[in-house]
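Coordinates in review
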Amino acid sequence: KIKTIGDAYMAVGGLDGHNQEQTLEVLMLAADFVEALEVVNKSCGTDFKLRVGVHTGPVIAGVLTGNKIAFDVWGNTVKTACSME
């Protein structure tokens, strides 16, 4: 997890560049989220929806300081994934 933004949850995979299967792992995480929500909806009689956006490519990463230290990523890759959801 990188951060939550309103009702959105941002996760990033493969930032260290050592794992050649990072895209597959991110897709598997997204599929696990969808499956878990289906289980919750079925067991609780709810109809929650989930949107997922996944994109690969370069990002800019850094640490933000202020009242609270936070790690974040920026760039067109992040924008595209957000748009895809």
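All figures in this text were calculated on a predicted structure; none of them were measured in a lab. (Residues numbered from 1 in each chain as written. Predicted model: local features only at pLDDT ≥ 70, side-chain atom pairs only at ≥ 80, totals over all residues. Heavy atoms only, no water.)

**Quick notes on the overall build of the protein**
Across its full length, the protein holds two helices and four strands. For the protein, the succession of helices and strands along the chain, N to C, is β-β-α-β-β-α. Seen along its three principal axes, the alpha-carbon backbone of the protein occupies a region of about 40 × 35 × 20 Å. Taken across its 85 residues, the protein has 13% of its residues classed as buried. Only carbon and sulfur atoms are counted for the fraction: they give 57% of the accessible area of the protein, which is about 6700 Å². Charged side chains of the protein number 7 positive and 10 negative; the gap between the two group centres comes to 9 Å. (Helix = DSSP H or I, 4+ residues; strand = E, 2+ residues; numbered from the N terminus. Buried < 20%, exposed > 50% of the residue type's maximum accessible area, 1.4 Å probe, protein only. Areas by Shrake-Rupley, 256 points an atom, 1.4 Å probe, with all protein chains shown as cover. Lys, Arg positive; Asp, Glu negative; His and termini not counted. Charge placed at Lys NZ, Arg CZ, Asp CG, Glu CD.)

**Focus: helix α1 (residues 22-44)**
The end-to-end C-alpha distance of α1 is 33 Å, a good match for the 33 Å that 23 residues give at a rise of 1.5 Å each. Looking one or two residues past α1, Gly45 carries a phi angle of roughly 70 degrees, positive in sign. (Expected span 1.5 Å × (residues − 1).)

**Considerations on a nonpolar patch on the surface**
Where nonpolar side chains cluster on the molecular surface, the patch consists of Tyr9, Leu29, Phe33, Val34, Leu50 and Val52 and spans about 470 Å² of accessible area. Element by element, the count of residues in the nonpolar patch is highest for α1, at three residues. Mapped onto the elements of the fold, Leu50 is located in the loop between α1 and β3 (60-64). (Patch = residues over 30% accessible without salt bridge, like charges linked within 9 Å, V, L, I, M, F, W, Y side chains within 5 Å. Salt bridge = Lys/Arg side-chain N within 4 Å of Asp/Glu carboxyl O.)

**Structural notes on the pattern of salt bridges**
Scanning all chains against the criterion turns up one salt bridge. Ionic pairing is found between Asp47 and Lys49, a salt bridge with its closest N-O pair at 3.2 Å. Grouping residues by exposure puts Asp47 and Lys49 together as exposed.

**Quick word on the pairing of strand β4 (residues 70-74)**
As defined by bridge partners, β3 adjoins β4 across five bridges and the pair is classed as antiparallel. Each bridged residue has a counterpart across the sheet, and for Ala61 the counterpart in β4 is Val73. Taken together, β3 and the strand that follows it, β4, pair antiparallel across an intervening segment of five residues. (Pairing = 2+ DSSP bridges.)

**Topic: the environment of Asn67**
If you trace the backbone, Asn67 turns up in the loop between β3 and β4. Given a relative accessible area of 89%, Asn67 falls into the exposed group. Linking Asn67 and Phe33, residues 34 residues apart in sequence, is a C-alpha distance of 31 Å.

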